[in-house]
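Descriptive analysis of the structure
Spelled out, the chains give:
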Amino acid sequence: MLRQALLVASRSGGARRVVETAPFTGDVVRRFVAGETIDDALRVTGGLTGEGLLVSLDVLGEDTHDEGRAEANAAHYVELLGRLGAAGLGRRAEVSLKLSAIGRTFDEDLALENARRVCAAARSAGTTVTIDMEEHTAVDSTLGVVHELRRDYPDVGAVVQAYLRRAEEHCAELAYEGSRVRLCKGAYAAPAAVAFTDKEEVDRSYVRCMKVLMAGKGYPMLATHDPRLIEVAGALSVLNERDDDTFEYQMLYGIRPQEQRRLAAEGAQVRVYVPYGREWYQYFMRRLAERPANLRFFMRSLVGR
Ligand code: FDA
């Protein structure tokens, strides 16, 4: 119930104004968001890659409803990738892109064109793009765009959300040679008709999907902080005789940082998803919805800790 309420609030203008102007919000947001500018993003990326971690940078700002804004968001990614390449970070840092930030909600062709520009810039910088997955109604069109992009840019990453009933089927379709696939639980509100709503069911689906991806020929990117699922992933890598460089773990910036470093120290590839930018509200609310402890941390900060 609380999760649903927070996810609804993530789309509400009124709730947004309350949260954005609350005292101490900034401190809490900084735990999950690297900063507001490309300089902030590069500084954090340099620090993480210096510690042996990989990075995926996400420019915050989704649900764009006008063409100018969509173009500006794509241009920002192009600039970021230029700076990333110039700083020599392209080999260890990629970008994550939401199609809703570059026009998907009002013009799918525009979103595809903008995504192509971002992919071209990523290639010049020596890196890759992963297309984030958003609400369940956008899954088919997003996978369609990924499929189109992969004609010219085969290394474009896809995302599967384990909470969707069709997740295992999508994993089977995507587990082919060279196919980079991020598997996450899923962070958006979705009805029972299309998604598992019970936590245990979602976890079981995640395991089934992981089995398909780890046994397949693609490159699995296992995005979770869940200790039990991380343990299963390790067992599946042994079972499928996968070398450390044939798959990676992914976690969010600010969540279980010690675990990120522990896995990397054991030789695993670990990528940290690093969001930055001014439009942090929706991303932040999804993080609160995921975990009561995140919400408690936020509430404590509001009353001055
Ligand atoms: P869950 O939230 O169920 O937590 C499971 C366990 O993990 C907890 O019981 C606890 O042990 C541990 N844990 C979790 N948070 C913790 C914390 N703050 N501190 C300590 N322990 C903690 N979603 C989406 O819909 N589309 C997308 O494209 C993406 N992309 C994406 C990329 C990356 C790199 C990640 C890590 C996640 C996403 N997500 C996403 C978000 C994802 O769908 C999901 O909402 C979150 O990862 C939370 O799910 P967990 O798998 O961590 O499990």
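Check the entry above for the structure.
Everything numeric in this text was worked out from a predicted model, so none of it was measured.

Right, let's get into the overall build of the protein chain. Of regular secondary structure, the protein chain possesses 13 helices and 8 strands. Its C-alpha radius of gyration of 18 Å places the protein chain within 12% of the 19 Å reference for a compact globule of 305 residues. Across its three principal axes, the protein chain shows a C-alpha extent of roughly 50 × 40 × 40 Å. Taken over 305 residues, the protein chain has a buried fraction of 55%. Element-wise, carbon and sulfur atoms account for 53% of the exposed surface of the protein chain, whose accessible area totals about 13500 Å². Charge separation in the protein chain, taken as the distance between the mean sites of 41 positive and 44 negative side-chain charges, equals 5 Å.

Moving on, we come to the pattern of salt bridges. Counted by the stated rule, this structure contains 23 salt bridges. Of the charged contacts in the structure, one is a salt bridge between Arg180 and Glu94, with a shortest N-O distance of 2.6 Å. In this pair, Arg180 sits in strand 5 (residues 180-184) while Glu94 sits in strand 2 (residues 93-97), placing the two residues 86 residues apart along the sequence. Here Arg180 matches Glu94 in class, with each residue buried. Look at the salt bridges and you will find they share partners, linking Asp58, Lys98, Asp132 and Arg182 into a network.

All right, on to the pairing of strand 6 (residues 219-223) then. Taking burial as the measure, the 5 residues of strand 6 include 5 buried ones, the bulk of the element. The alternating pattern of strand 6 places Tyr219, Met221 and Ala223 on one face and Pro220 and Leu222 on the opposite face, and all of these are buried. Where strand 5 lies against strand 6, 4 bridges are found, and the strand directions are parallel. Along strand 6, the bridge assignment pairs Arg182 with Met221. Crossover strand 5 to strand 6 through helix 9 (residues 199-215) is right-handed. With 3 bridges joining them, strand 6 and strand 7 (residues 248-252) adopt parallel strand pairing. Bridge assignment links Ala223 to a residue of strand 7, and that residue is Gln250. On the question of chirality, the crossover connecting strand 6 to the parallel strand 7 by way of helix 10 (residues 227-239) is right-handed.

In this section: the packing of helix 4 (residues 38-50) against helix 5 (residues 67-86). Between helix 4 and helix 5, the least distance of the axes is 11 Å, while the angle of their chain directions is 40°. Here helix 4 is positioned oblique relative to helix 5, judged by the angle of their axes. Both helix 4 and helix 5 take part in a crossing whose hand is right-handed. Here Ile38, Asp39, Leu42 and Thr45 of helix 4 come into contact with helix 5, specifically with His76, Glu79, Leu80, Arg83 and Leu84. Taken together, the residues of the contact of helix 4 with helix 5 sort by class into 4 nonpolar, 2 polar and 3 charged.

This paragraph deals with the sheet that holds strand 2. Taken together, 8 strands build an open sheet; the order of strands is 3-2-1-8-7-6-5-4 and the sheet is parallel. Strands at the two margins of the open sheet, each flanked by one partner only, are strand 3 (129-131) and strand 4 (158-161). On average, each strand axis in the sheet is tilted by 30° relative to the strand beside it, whichever way the strands run. By the bridge criterion, 4 bridges tie strand 1 (residues 54-59) to strand 2 in an arrangement that is parallel. For Ser56, the partnering residue across the bridge sits in strand 2 and is Glu94. Contacts from helix 5 reach strand 1, strand 2 and strand 8 (270-276), with the element oriented near 150° to strand 1. Sheet strands touched by helix 8 (residues 167-174): strand 4 and strand 5. Its angle to strand 4, the strand with the most contacts, is close to 155°.

Bringing the site of the ligand into the picture now. In the vicinity of the ligand lie 27 residues, with Gly186, Lys199, Thr224, His225 and Glu290 positioned nearest. One of the backbone N or O atoms of Gly186 is found 2.6 Å from an oxygen atom in the ligand. In the environment of the ligand, an oxygen atom lies 2.6 Å from a nitrogen or oxygen atom belonging to the side chain of Thr224. Relative to its unbound accessible surface of 940 Å², the ligand loses 85% to contact with the protein. Elements with a contribution of two residues or more to the shell around the ligand: strand 4, strand 5, strand 7 and helix 12 (281-290). No other element matches strand 7, which puts 3 residues into the shell around the ligand. Split into classes, the residues belonging to the shell around the ligand amount to 11 nonpolar, 6 polar and 10 charged.

Criteria and cut-off values
Residues numbered from 1 in each chain as written. Predicted model: local features only at pLDDT ≥ 70, side-chain atom pairs only at ≥ 80, totals over all residues. Heavy atoms only, no water. Helix = DSSP H or I, 4+ residues; strand = E, 2+ residues; numbered from the N terminus. Rg over C-alpha atoms; globule rule 2.2 N^0.38 Å. Buried < 20%, exposed > 50% of the residue type's maximum accessible area, 1.4 Å probe, protein only. Areas by Shrake-Rupley, 256 points an atom, 1.4 Å probe, with all protein chains shown as cover. Lys, Arg positive; Asp, Glu negative; His and termini not counted. Charge placed at Lys NZ, Arg CZ, Asp CG, Glu CD. Salt bridge = Lys/Arg side-chain N within 4 Å of Asp/Glu carboxyl O. Pairing = 2+ DSSP bridges. Right-handed = clockwise from strand over helix to strand, strands pointing away. Axes fitted to C-alpha atoms, helices over the stretch in contact; angles between N-to-C directions. Parallel < 35°, antiparallel > 145°, perpendicular 65-115°, else oblique. Left-handed = near helix turned anticlockwise from the far one by under 90°. Contact = heavy atoms within 4.5 Å. Nonpolar A, V, L, I, M, F, W, Y, C, P; charged D, E, K, R; others polar. Near = heavy atom within 4 Å. Polar contact = N/O pair within 3.5 Å; in protein donor to acceptor, adjacent residues only side chain to side chain.

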